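Topology and contacts: notes
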Amino acid sequence: MQIEDKMNFNEKVYKLCSKIPRGKVSTYKELAKALNSKAYRAVGNALRNNKYPNIIPCFRVIKNDGSIGGYCGKNPKNIKKKIFKLKLEGIIFNKGKIDMDKYLYKFK
DNA sequence: GGAGTGACTTTTT
DNA sequence: GAAAAAGCCACTC
């Protein structure tokens, strides 16, 4: 127990990301809230480091506004790929943004 | 221990 | 409504 308490904020973020179901997305803010914190910045930092790209679908994490935000290296190409991947999961994009009310996954 | 950084968010112009 | 500035928190050097 409390194993998660031993984990750094970073690792907690990773774990939550891996918990996001397929076909849904989450926001940095929600992630931080799920961790009882407001460190949306730290969440972004954690994902930017992305120590475990194999187990962490970071492309399911987007901004609070519904825009993609960023991806590895902030490269437009990577962003595009992220959108494409989300599309494959059944998420529909509206002007580069997604319907938060439909696809936003809330951690319980 | 302090300064710098960032895949953010909110408010203001 | 878009763009800019400030605010914020955790991590890294």
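So, a few notes on the structure that sits alongside this text.

About the criteria used
Residues numbered from 1 in each chain as written. Chains lettered and ligands numbered in written order. Predicted model: local features only at pLDDT ≥ 70, side-chain atom pairs only at ≥ 80, totals over all residues. Heavy atoms only, no water. Helix = DSSP H or I, 4+ residues; strand = E, 2+ residues; numbered from the N terminus. Rg over C-alpha atoms; globule rule 2.2 N^0.38 Å. Buried < 20%, exposed > 50% of the residue type's maximum accessible area, 1.4 Å probe, protein only. Areas by Shrake-Rupley, 256 points an atom, 1.4 Å probe, with all protein chains shown as cover. Lys, Arg positive; Asp, Glu negative; His and termini not counted. Charge placed at Lys NZ, Arg CZ, Asp CG, Glu CD. Near = heavy atom within 4 Å. Polar contact = N/O pair within 3.5 Å; in protein donor to acceptor, adjacent residues only side chain to side chain. Nonpolar A, V, L, I, M, F, W, Y, C, P; charged D, E, K, R; others polar. Disulfide = S-S within 2.5 Å.

Within chain A, the secondary structure is distributed over 6 helices and 4 strands. In sequence order, chain A lays out its α and β elements as α-α-β-α-α-β-α-β-β-α. In terms of overall dimensions, chain A is globule-like: its C-alpha atoms have a radius of gyration of 13 Å, near the 13 Å expected for 108 residues. On the principal axes, the C-alpha backbone points of chain A span a range of 40 × 30 × 20 Å. A total of 108 residues make up chain A; the buried ones form 38% of that total. Element-wise, carbon and sulfur atoms account for 49% of the exposed surface of chain A, whose accessible area totals about 7,300 Å². Computed over 26 positive and 8 negative side-chain charges, the separation of the two mean positions in chain A equals 6 Å.

The subject of this paragraph is the environment of Ile 20. Within the fold, Ile 20 resides in the loop between α2 (9-19) and β1 (26-27). For Ile 20, a relative accessible area of 2% translates into the label buried. The sequence separation of Ile 20 and Lys 106 amounts to 86 residues, and the corresponding C-alpha distance is 8.7 Å.

With that out of the way, let us pick up the protein's contact with DNA strand B. The local shell around DNA strand B holds 16 residues, among which Lys 29, Arg 41, Leu 47, Arg 48 and Lys 74 are the closest. Counted by atom, the contact set of DNA strand B within 4 Å of the protein is 51% sugar and phosphate. Asn 45 is positioned with one of its side-chain polar atoms (N or O) 2.9 Å from a base nitrogen of DNA strand B. Residue Leu 47 places a main-chain N or O atom 2.5 Å away from a base nitrogen belonging to DNA strand B. The set of elements that each furnish at least two residues to the surface near DNA strand B consists of α3 (28-34) and α4 (40-49). By residue number, the principal contributor to the surface near DNA strand B is α4, which donates 7 residues. Its residues assigned to classes, the surface near DNA strand B comprises 5 nonpolar, 5 polar and 6 charged.

What follows deals with the state of the cysteines. The full count for this structure, using the stated rule, is 0 disulfides. There is no disulfide at Cys 17, and the cysteine sulfur nearest it, in Cys 58, is 7.3 Å away. Using a relative accessible area of 0% as the deciding quantity, one classes Cys 17 as buried. For Cys 72, which is in no disulfide, the shortest distance to another cysteine sulfur is to Cys 58 and amounts to 5.3 Å.

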